[in-house]
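Architecture at a glance
Given next are the chains, with one letter for each unit.
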Amino acid sequence: MKHLLVITFLMVTGLVSAQTKYESGMAKGFEQMKAAKTAEEMTATASFFERIADAEKDKWLPYYYAAYANYLTGWMNPNADKDKVGDKSKDLITKAEILEKNNADLFVLRQMVAVMQLTVDPMSRFQSYGAQATEAIENAKKADATNPRIYLMEGRYKMNVPEAYGGGKEIGKALFIKSVELFKTYKPASEMHPSWGKDQAEQMLEQVSK
Amino acid sequence: MKYLVVLLTSFFAFLVAHGQVKINGSVRDMKSRIVAGANIVIKGSYDGTTSDSTGHFSFKTMEKAEQTIVVSNIGFKSVEQKITIDKELMELNFALKEEISELKAVVVTAGSFEAGDKKRASTVLSSLDVVTTGGANADITSVLKTLPGAQQVGEQEGLFVRGGAGYEAKQFIDGTMVNNPFYSSVPDIAQRGRFSPFLFKGTVFSTGGYSALYGQALSSVVILESIDLPDQSQVSASLSTVFLGAGFQELAKNKKSSWGINYGYTNVWPYFQIVKQGVDYFKIPEFHSADANFRIKTKGGMIKYYTTFSKNDLGLRRPDIDSLNLKDAFALNNTNWYNNLSWREFLGKGWKMNLGLSYSTDKTIIDQQLQNQQNIPVDGGNAWMKTKTYSLNNLSDLSQIKAVFDKRISGISILRFGSEYMYAYNKSIYNTLPIVLKDHFVAAFAEADLNITNDLALKLGARLEQSSLLNKANLAPRLAIAYKTGNGTQVSIAYGDFYQKPENNQLMFPNNLGYTKAQHFIANYMKVTTLQTFRVEAFYKKYEDLVKTFPNLNNDGTGLAKGIELFWRDKKTIKGMDYWISYSYLDTKRDYLNYPQSLQPNFAANHTASIVLKRFITKINTGFNFTYTYATGRPYYNIRYETTHSKYTIADQGKTIDYHNLGFSLNYLTKIFKSYAVVVASITNVLGSNQVFGYNYSLNGTYKEAITPVAPRFFFIGCFLSWGVDRRQDAINNNL
């Protein structure tokens, strides 16, 4: 019965077009992203968001999600060429940044991409990509220090940095606590704005508290 | 209930499907190779898809009539095609043209090893590798010796590359030549390089076929690029068994400029008390070194200044080879001041400028005596005794200016040209006889980097030089071609003529000498993935106009070197382990100096191989590094002047035993007094292998003595501390 209601609802809304094309497109993208189980499906989601972005021209969010979905493929596919994936994501982030200046979530995404590329060869890339990651987090804090994803991602990076270089489990833990704390009161700017990360932050905190 | 759902959805699907058009097709490149992951989109709509692993795509659209399809993929030029949607099924095939991009374009690799993370593709060694190579004691040259092409010469400093002598390899910092890159020579003991590896972000070790920007080196150039702004302000200190040091580096708040100073003091007295040396040091080696720098970020570039001052003293005594009653006493005092100012700037419109200015002055005072058993100087009575009693006071200054302009022509192709001027002043006082050499040296060069496609690159260059001292000019052409043969694989070839002035000690005497010359032919195959590098290189090198010192000073010397070299680096196969293997085969002969005929020179071994292993264990914050080096024996000769025939002959010759060296180091990362600390322990020649670098002969030729290291092993324990101002800030933020 529930299904029927949903379907009728979808049909009706589809027909009367209460949603704009952009909104329904984004909604479809979010559904695809949630449903994506394989790297291929995630790549398809990323390109879908990119198509929306290219068509809309003045919206940064579809570029953000395109970059984010594309980034996820780098982890979903164990054989992914992380540099290639990273370059593509950076390309999309740059396009988003032209439309939305100084956004904490875009900086966080930059950090995530830098960390992904760092993992390709941590010993020799620590200096260059580590510095990029740190800079991105600093910029994110300047843009909006209350964004909980900053501390989630900073924590995920720092917990893997050797203690001697200013990282470690304890530093990670403090950051996850801060992230979880901020998520309690966090409200995304709109339904479409990034809101992910709460579950992750809680999981990470649980993991490091063991 | 279920039926109703199916019914409704299929009804809905029907409604939608009715107006839909299916578009199928494929995407390939200009060579008909599959392009996977390309985006296909109807412009202005959300409809589209990506090409699959076979290059095919399929999608549905509701759009009608005249539309534009855009096909794009990273690294390719986007294609737009107008279509009219009027059928239910449309078939479209696209061919994309590759964009010539710096990341994808093939790079000429013949002859050179690049270190640093600048161009991912050609990275073979990173700056970090220099400090974590077992047994290398953070000496750049020692690490370069683990790469193919370099000889394991332990009795004198310098890089002996592909049958070339040490002075045929030159070092450049930020574009300008370094006059005295090593601490002053001591007989039979190799000296370290003057520059710390921490100063440089990138190192290119070229074993031949290098760019027209560099000259006056017959066999090799080491191109060092200094670091830009540091990541943060920091205070550092180091403490070890042989030296103490402290430094300060400040990065301005706006991160646009920085300055720093360092001081280091080396005294091996405590070390020599514990580890006995094979020679008697009457003046324990002592070094003071200080350096300072500033870096300023400009609108589109950077101005950097670096200066280093060092002063060292040492004196050592060995038994004299010609007389059991006498000793040879050698004392050296050296003062060196080096300055380098460089400015690189993007001038807009595809123009880039690199200016380099350097000045160095080096003063070496050598006092050589014969002493009796009570260490009291003995005045030379005989002629042979006189040659061992002398003082040498040598001053050498080099002032240099170099300007290089880059102009981006089409795509990523670059035209590069420039000029350099060097003024060298050398004054030697041998006992009381002063000899002054002055040279105004001018060079102009031009070079084009042409990227014809992503797969084909060409480097064409020429260099024109004129030395006032020789009063001669030379023109050296250079050429290199690289072709990408597949994913990560490429072949390159390089050709070049190289000229070099004779050494000062040859030019000091009346002569009519001209440039010495080498011609390089190199072919190289390389396969590179992110974590693995395989490289094989073959070379043929022809020497002409080498300096002969007999019967008079002339340019009649010749030489030949050929060989093949292998390199394999792998960070993938064993997780957490990084290793590289290099092997060099060298076949070389030369007729120069007082050689009576063409001979394999005493610095050349036929086979050389190195294995370098590095493993960092995160759990214990410790890295373990091993380096094993092997070389076959090197020839040695006793070349004597035979008065009866008035010529040089080989009175005796032989081959040294094979060379083995296992070096080990470990580095442990920790925190000491709130500082980030690295504790380093290292040891050379762990196995205590007997190393013989050659033989010295007595004057009458009846007695020979092996040249060996002054101690079988070198032990080092040190601790490097740094307090990062910004990192402390980090820690505060984290606790908020």
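Per chain, residue numbering runs from 1 following the sequence as it is written. Lettering of chains starts at A and numbering of ligands starts at 1, both following the order in which they are written. Local features are withheld for residues below a pLDDT of 70 in this predicted model, meaning they are given only at 70 or higher, and side-chain atom pairs are given and counted only at 80 or more; totals for whole chains, interfaces and linings count all residues.

Some words on the packing of helix α2 (residues 21-35) of chain A against helix α3 (residues 39-56) of chain A
Residues and elements named next belong to chain A.
- Note on geometry: axes are lines fitted to C-alpha atoms, helical ones only across the stretch in contact, with angles between N-to-C directions running from 0 to 180 degrees. Helix and strand definitions follow DSSP, with helices as H or I runs of at least four residues and strands as E runs of at least two, each counted in order from the N terminus. Two elements in contact, α2 and α3, have axes whose closest approach is 9 Å; the angle formed by their N-to-C orientations is 165 degrees. When the interaxial angle is binned, α2 and α3 end up roughly antiparallel. Crossing hand, α2 versus α3: left-handed. In this structure, α2 contributes Y22, G25, M26, G29, Q32 and M33 to the contact, and α3 contributes T45, F48, F49, I52 and E56.
- Only Asp, Glu, Lys and Arg are considered charged in this grouping, and only Ala, Val, Leu, Ile, Met, Phe, Trp, Tyr, Cys and Pro are considered nonpolar; every other residue, Gly among them, is considered polar. Its residues assigned to classes, the contact of α2 with α3 comprises 6 nonpolar, 4 polar and 1 charged. Working rule for angles: under 35 degrees goes down as roughly parallel, over 145 as roughly antiparallel, 65 to 115 as roughly perpendicular, anything else as oblique. When the near helix sits turned anticlockwise from the far one by under a right angle, the crossing is termed left-handed; a clockwise turn instead gives a right-handed crossing. Throughout, a residue-residue contact means that the two C-beta atoms, derived from backbone geometry, are no farther apart than 7 Å.

Quick notes on the nonpolar core
- By size, the foremost hydrophobic cluster in this structure holds 61 residues, and its most contacted members are L144(B), L159(B), F160(B), F172(B), V221(B) and V222(B).
- Broken down by element, this core gets its largest block of residues, 4 residues, from strand β14 (residues 220-226) of chain B.
- With sequence-adjacent residues up to four places away left out, L159(B) is seen in contact with T141(B), L144(B), A150(B), G166(B), A169(B), S220(B) and V222(B).
- Connectivity within a nonpolar core runs through C-beta atoms within 7 Å, and the core itself is a set of buried Ala, Val, Leu, Ile, Met, Phe, Trp, Tyr and Cys residues. Around each residue's C-beta, the other C-beta atoms within 10 Å are counted; 20 or more make the residue buried, 12 or fewer make it exposed, and counts in between make it partly exposed. All C-beta atoms are placed from the backbone. Residues M26(A), A114(A), V115(A) and Y129(A) belong to the second largest nonpolar core, which totals 54 residues.

Points about helix α6 (residues 104-118) of chain A
- In this analysis, the expected span of each helix is defined as 1.5 Å times one less than the number of residues it contains. Between its first and last C-alpha, α6(A) extends 21 Å over 15 residues, near the 21 Å set by a 1.5 Å rise per residue.
- Counting buried residues along α6(A), 15 of its 15 residues qualify, which places the element largely inside the surrounding structure.

Description of the environment of P596(B)
Residue and element names in this part refer to chain B.
- Relative to the helices and strands, P596 is located in the loop between β31 (577-591) and β32 (607-617).
- Given 15 C-beta atoms within a 10 Å radius, P596 is considered partly exposed.
- Taking the C-alpha atoms as reference points, P596 and Y641, separated by 45 residues in sequence, lie 9.8 Å from one another.
- When residues no more than four places from it in sequence are discounted, the contact partners of P596 are I639, K647, Y648, T649 and I650.

Quick word on the pairing of β31(B)
Residues and elements named next belong to chain B.
- Two elements, strand β30 (residues 554-570) and β31, share 13 bridges in a ladder whose sense is antiparallel. Residue pairing for β31: G559 is matched across the bridge by R590.
- For two strands to pair, DSSP has to find at least two bridges joining them. Where β30 folds back onto β31 in an antiparallel hairpin, the turn is made up of 6 residues, including G576, whose phi is positive at roughly 80 degrees.

A look at the packing of helix α4 (residues 61-76) of chain A against helix α5 (residues 82-99) of chain A
Residue and element names in this part refer to chain A.
- Where α4 meets α5, the axes come as close as 8 Å, and the angle between the chain directions of the two elements is 170 degrees. The angle between the axes of α4 and α5 places the two elements in the roughly antiparallel class. In this structure, α4 uses Y63, Y64, A66, A67, N70, Y71, T73 and G74 to contact α5, whose residues at the interface are K82, V85, G86, K88, S89, L92, I93, K95 and A96.
- In terms of residue class, the contact of α4 with α5 is made up of 9 nonpolar, 5 polar and 3 charged.

Let's talk about the environment of P285(B)
Residue and element names in this part refer to chain B.
- In this fold, P285 is placed in strand β18 (residues 280-297).
- Take P285: there are 22 C-beta atoms within 10 Å of it, and that puts it in the buried class.
- Counting along the chain gives 48 residues from P285 to N333, while the straight-line C-alpha distance between them is 9.8 Å.
- Every residue in contact with P285, bar those within four places of it in the chain, is listed here: V268, N312 and L314.

Let's talk about the pairing of strand β19 (residues 301-319) of chain B
Residue and element names in this part refer to chain B.
- With 15 bridges joining them, β18 and β19 adopt antiparallel strand pairing. In the strand pairing of β19, F287 is matched with N312.
- Taking the residues between adjacent antiparallel strands as the criterion, β18 and β19 are bridged by 3 residues.
- Here β19 pairs with strand β20 (residues 327-348) via 19 bridges, running antiparallel.

A closer look at the confidence of the model for chain B
Residue and element names in this part refer to chain B.
- Summary of the metric used: pLDDT quantifies the predictor's per-residue confidence within the range 0 to 100. Taken residue by residue, chain B gives an average pLDDT of 89. The fraction at 70 or more is 93%.
- Counted against residues more than four places away or in other chains, residues 116-123, with its pLDDT under 50, gives 22 contacts.
- Across residues 726-736, where pLDDT falls below 50, the model places 9 contacts with residues more than four positions away in sequence or in other chains.
- Both confidence scores are given for the complex: pTM 0.83, ipTM 0.77.

Observations regarding the sheet that holds strand β7 (residues 79-85) of chain B
Residues and elements named next belong to chain B.
- An order of β3-β2-β5-β7 is seen for the 4 strands of this open sheet, with the pairing classed as antiparallel. Since the sheet does not close on itself, it has two edges, and those belong to β3 (48-50) and β7, each with one partner. Geometrically, the sheet is characterised by an average inter-axis angle of 15 degrees between neighbouring strands, direction not taken into account.
- Direction of pairing for strand β2 (residues 39-42) relative to β3: antiparallel, over a ladder of 3 bridges. Bridging from a neighbouring strand, V41 pairs with G48 of β3.

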